[in-house]
Amino acid sequence: MERGTREELVGRLAAAVGSVTVAHPTRVAIDGPPAAGKTTLADELAGVLREEGRDVVRATIDDFLFPRARRYPRGEYSAEGCYFDTHDYDALIRVLLDPLGPGGDRRFQPAVYDRTADTVLSPPVTTAPADAVLIFDGVFLLRPELVDRWDLRVFVSTALEKTVDRAVVRERRVSSREQVERRWRERYIPSQQLYFATVRPIDQADIIVHNDEPQQPAWQTRTH
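Every value quoted in this text rests on a predicted model; they were computed, and no experiment measured them.

A separate point is the packing of aromatic side chains. In the structure shown here, the tally under the stated rule is nine aromatic pairs. With a centroid separation of 4.9 Å and 85 degrees between ring planes, the pair formed by Tyr83 and Phe84 is classed as edge-to-face. According to the relative accessible area criterion, Phe84 is partly exposed, its value standing at 44%. With 6.0 Å between their ring centres and 40 degrees between their planes, Tyr83 and Tyr195 make a pair best called tilted. Here Tyr83 is found in helix α4 (residues 79-84), whereas its partner Tyr195 is found in helix α7 (residues 177-199), with 112 residues between them in sequence. Judged on exposure class, the residue Tyr83 and its partner Tyr195 are both buried. These aromatic residues form a ring-pair network of at least three members: Tyr83, Phe84, Phe140, Phe155, Tyr195 and Phe196.

For the rest of this paragraph, the subject is the pairing of strand β10 (residues 207-210). As paired elements, strand β9 (residues 152-157) and β10 share four bridges and run parallel to each other. Considered in β10, the bridge of Val156 is made with Val209. Examined bridge by bridge, β10 and strand β11 (residues 218-221) share four bridges and lie antiparallel to one another. The partner of Val209 across the bridge, within β11, is Trp219.

Let's shift gears to the pattern of salt bridges. Within this structure, the stated rule accounts for 15 salt bridges. For Asp43, the salt bridge is made with Arg58, and the minimal N-O distance between the two is 2.8 Å. Note that Asp43 is positioned in helix α2 (residues 38-51) and Arg58 in strand β3 (residues 56-60), a separation of 15 residues in sequence. With its nearest N and O atoms 2.7 Å apart, the salt bridge here joins Asp98 to Arg149. Pair noted here: Asp98 is in the loop between α5 (89-97) and β4 (107-108) and Arg149 is in the loop between β8 (133-137) and β9, with a separation of 51 residues, a long-range link. One salt-bridge network, in which partners are shared between bridges, spans Asp43, Arg58 and Asp137.

Moving on to the side chain of His24. Residue placement: His24 occurs in the loop between α1 (6-18) and β2 (26-31). Not counting residues up to four positions away in its chain, the partners in contact with His24 are Leu100, Gly101, Pro102, Ala130 and Asp151.

What follows is about the sheet that holds β2. Taking strand neighbours across the sheet as the criterion, the seven strands line up as β1-β11-β10-β9-β2-β8-β3 in an open arrangement whose pairing is mixed. Each edge of the open sheet is held by one strand with a lone partner, namely β1 (2-3) and β3.

Another aspect to go through is α5. Counting along an α-helix, one turn takes 3.6 residues, and residues three or four places apart therefore face a common direction. Judged by how many residues are buried, α5 sits mostly within the fold: seven of nine residues are covered. Of all the residues in α5, the buried ones are Tyr89, Ala91, Leu92, Ile93, Val95, Leu96 and Leu97. Along its buried surface, α5 packs onto β2, β3, α4, β4 and β8.

Conventions adopted
Within any chain, residue numbers begin from 1 and follow the written order of that chain's sequence. Under the rules for a predicted model, residues below a pLDDT of 70 receive no local features and side-chain atom pairs below 80 are neither given nor counted, while totals for whole chains, interfaces and linings still include all residues. Just so you know, side-chain values use all the structure's heavy atoms and leave hydrogens and water out. Whether two aromatic rings pair depends on their centres lying within 6.5 Å, for rings of Phe, Tyr and Trp, where Trp uses its six-membered ring; planes under 30 degrees apart make the pair stacked, over 60 edge-to-face, and the rest tilted. Exposed residues in this analysis have more than 50% of their type's maximum accessible area, buried residues have under 20%, and partly exposed residues fall in between, with area computed by a 1.4 Å probe over protein chains only. Only DSSP runs of H or I with at least four residues qualify as helices, and only runs of E with at least two residues qualify as strands; both kinds are numbered from the N terminus onward. When DSSP locates at least two bridges between a pair of strands, those strands are taken to pair. Salt bridges are identified by distance alone: a Lys or Arg side-chain nitrogen within 4 Å of an Asp or Glu carboxyl oxygen. Residues count as neighbours in contact if any of their non-hydrogen atoms are within 4.5 Å of one another.

Structural data, given as structure tokens:
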């Protein structure tokens, strides 16, 4: 376990990305519970890599949601529904992960869904350079159908109770504390517990970031 500043953490992650040797774009997963700090960390890492001259594709699982009408067949507060019914993994694999992977043509789309409008998207197809880096953040990224499609796997670990407090602050303009707490305690936290019990994502990760104190993080590198 190492501890350091935020800058040191992001530097270590950038070095880990740089150490990946593949003949196609490097696909980096930033996994972790909701409100763990994945998006912030992914944005910081993307910024450092761009400063180093890397071509970065920045994408997120929120742009691979099913439309709302398809997302809740088990109910809006179902933990199983959160895990099984929320994200379009077939589309993620088809338009982004496989094109950037071994044998892919590097022609990709970074999104298939507009969360604000709740509509399907079909953005222009872009061709990535062979030495590009995909920085992709989201929940459940180390599940069986995705885990082998990443070249570097980062898991952002935070106490689940701490994510509730962060979510209340983050969503205070659009949701009451009661609404946020119900979503977290009935849907999001139990879905993470299901994920941990069935997939054991920390065991799949190459780097685990302990992010309870974002300005004083700790991290560990695992060898598989």
